[in-house]
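Each chain, written out:
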Amino acid sequence: MHTEEEARTLDAADPGHRHLFLVPPAEGGRYPEVAYLAGNSLGLQPRATREELLADLDAWRRLGVEGHLEAERPWLPYHELLTAPAARLVGARPAETVVMNSLTVNLHLLMVSFYRPAGERTRIVIEDSAFPSDSYAVRSQARFHGLDPDTAVVRLRPRPGEDTLRTEDVLDFLATEGHTVALLLLGGVNYLTGELMDIPAITAAGRAAGAVVGWDLAHAAGNVPLALHDWDVDFAAWCSYKYLNSGPGALGGVFVHERHLGDPALPRFEGWWSTEATTRFEMTPVSRPPATVEAWQISNPPIFAMGPVRTSLELFDAVGMPALRERSLRLTGYLERLLDEVTADRPLTVVTPRDPARRGCQLSVRIGAGSANQLTKRLRHEHGVIADAREPDIVRFAPVPLYSTYHDCWRVADALAATVEATS
């Protein structure tokens with residue numbers, strides 16, 4: 001039996017970086033702060049965010065329009081401050097990376113360029129448990145091209161009786177049906193089950209089949225190490241409000257592999273920020289897009305939305321994804337061992353892969369009775385544990401390595417044991 005004292009001892013030896021974040025107060029239970037295991041939905045606020053955002057606001061107060069060039073962090077090239085750290089985070093080159101817009105907007109802008117159905121190659125392949133916005137996006141893209149989304153969109157399902165999609169089944173599908181696939185667009189880490197897909201293997205198989213391969217990295221960026229350039233991914237997009245802790249609705253990021261940059265044959269929507277920065281204020285009617293991913297930008301960036309992303313990316317640069325991944329493996333493994341004890345005699349089942357290499361820092365638990373929402377409400381109000389429900393029966397726990405603790409994990413198991421009645 002794992003004890004609270006053991007959890008405290010582990011925290012002393014492996015403390016993480018909780019001191020850099022603001023942890024909400026608990027509304028229930030016997031501890032002053034919540035055990036926050038919902039960073040896969042919305043990350044906590046870094047302590048540095050408020051001060052740095054206020055500094056950007058103060059530049060507006062002091063300088064007005066002149067802040068575009070004279071602010072301590074000038075607004076005109078502000079987005080460039082985010083480029084190099086974002087590229088390092090996802091394993092890309094700076095020319096391949098830009099922070100802009102929100103995730104689904106970015107996916108649409110990328111599909112304008114990379115979903116080009118022709119002949120028998122018309123299908124878009126996603127996973128059956130893709131986040132709903134991805135489903136809506138690809139179906140609307142199919143309709144935009146005059147196709148029936150019920151036939152143009154293929155949803156890959158796990159085998160009967162299984163919860164996660166096997167890599168070999170994806171590869172088998174591509175080997176037999178790849179000639180009909182125009183776009184393969186999967187989630188790097190599945191939002192529902194926490195499964196980490198084999199991005200390099202699937203990318204190689206998709207490209208070998210002649211398909212364009214894109215990735216939704218909403219649950220992967222800041223969660224697992226990525227090497228998008230080396231893996232030869234065509235494009236990817238991610239959000240910044242989950243593991244990247246940049247605030248609700250924060251700006252997302254985009255990757256386009258350098259082999260596509262500067263290609264005049266690619267269709268692409270354009271706006272003021274799509275043209276070369278050095279000629280932007282010539283106000284000419286014809287865009288001169290740079291041979292970088294910045295050609296996919298449209299509007300000038302929202303500075304006060306970019307500030308928290310910049311703050312977060314600097315934090316990731318300072319800590320480093322390799323160190324975070326190592327702590328993630330330790331912390332998630334500890335939570336798994338705790339859950340094994342609790343689920344042994346309760347109607348609870350962990351559906352996330354047990355192999356640490358096939359998951360990020362999320363363990364999803366299927367409840368055998370009742371509502372997932374009701375269970376998370378009880379965990380919060382009775383025990384001060386914040387988790388995330390996906391109806392009807394999945395509760396997601398994310399021990400984020402930046403700020404979660406072993407004691408948080410112990411509190412999850414203790415709260416589940418007290419809330420869900422044993423069957424024997």
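Residues numbered from 1 in each chain as written. Predicted model: local features only at pLDDT ≥ 70, side-chain atom pairs only at ≥ 80, totals over all residues. Heavy atoms only, no water.

Focus: the pairing of strand β12 (residues 363-367)
Next up, step 1: For β12, the buried fraction is high: four of the five residues fall into the buried class.
Next up, step 2: For strand β11 (residues 348-350) and β12, the ladder comprises three bridges, and the chain directions are antiparallel. Its bridge partner lying in β12, Thr349 is registered against Arg366.
Next up, step 3: Both β12 and strand β15 (residues 394-397) contribute to a ladder of four bridges, which runs antiparallel. (Buried < 20%, exposed > 50% of the residue type's maximum accessible area, 1.4 Å probe, protein only. Helix = DSSP H or I, 4+ residues; strand = E, 2+ residues; numbered from the N terminus. Pairing = 2+ DSSP bridges.)

A closer look at helix α8 (residues 167-177)
Next up, step 1: Among the residues of α8, those classed as buried are Thr167, Val170, Phe173 and Leu174. Taken end-on, α8 shows its buried residues confined to a sector of 125°, consistent with a single buried face. More than 90 degrees from the buried face of α8, the exposed residues found are Ala175 and Thr176.
Next up, step 2: Where the residues of α8 are buried, they touch β5 (123-127), β6 (153-156), β7 (181-187) and α9 (199-208). (Arc of directions from axis to C-beta. Contact = heavy atoms within 4.5 Å.)

Topic: the sheet that holds β7
Next up, step 1: Taking strand neighbours across the sheet as the criterion, the seven strands line up as β4-β10-β9-β8-β7-β5-β6 in an open arrangement whose pairing is mixed. This sheet does not close on itself; its edge strands, each paired only once, are β4 (97-100) and β6. Taken pair by pair, the neighbouring strands of this sheet meet at an average axis angle of 20°, ignoring direction.
Next up, step 2: Looking at chain direction, β5 and β7 are connected through three bridges and run parallel. Opposite Val125, over in β7, you have Leu184 as the bridge partner.
Next up, step 3: Against the sheet, α8 makes contact with β5, β6 and β7, and its axis sits at roughly 170° relative to β7, the strand it touches most.
Next up, step 4: Together, β7 and β8 (212-216) form the strand contacts of α9, whose direction differs from that of β8 by roughly 150°. (Axes fitted to C-alpha atoms, helices over the stretch in contact; angles between N-to-C directions.)

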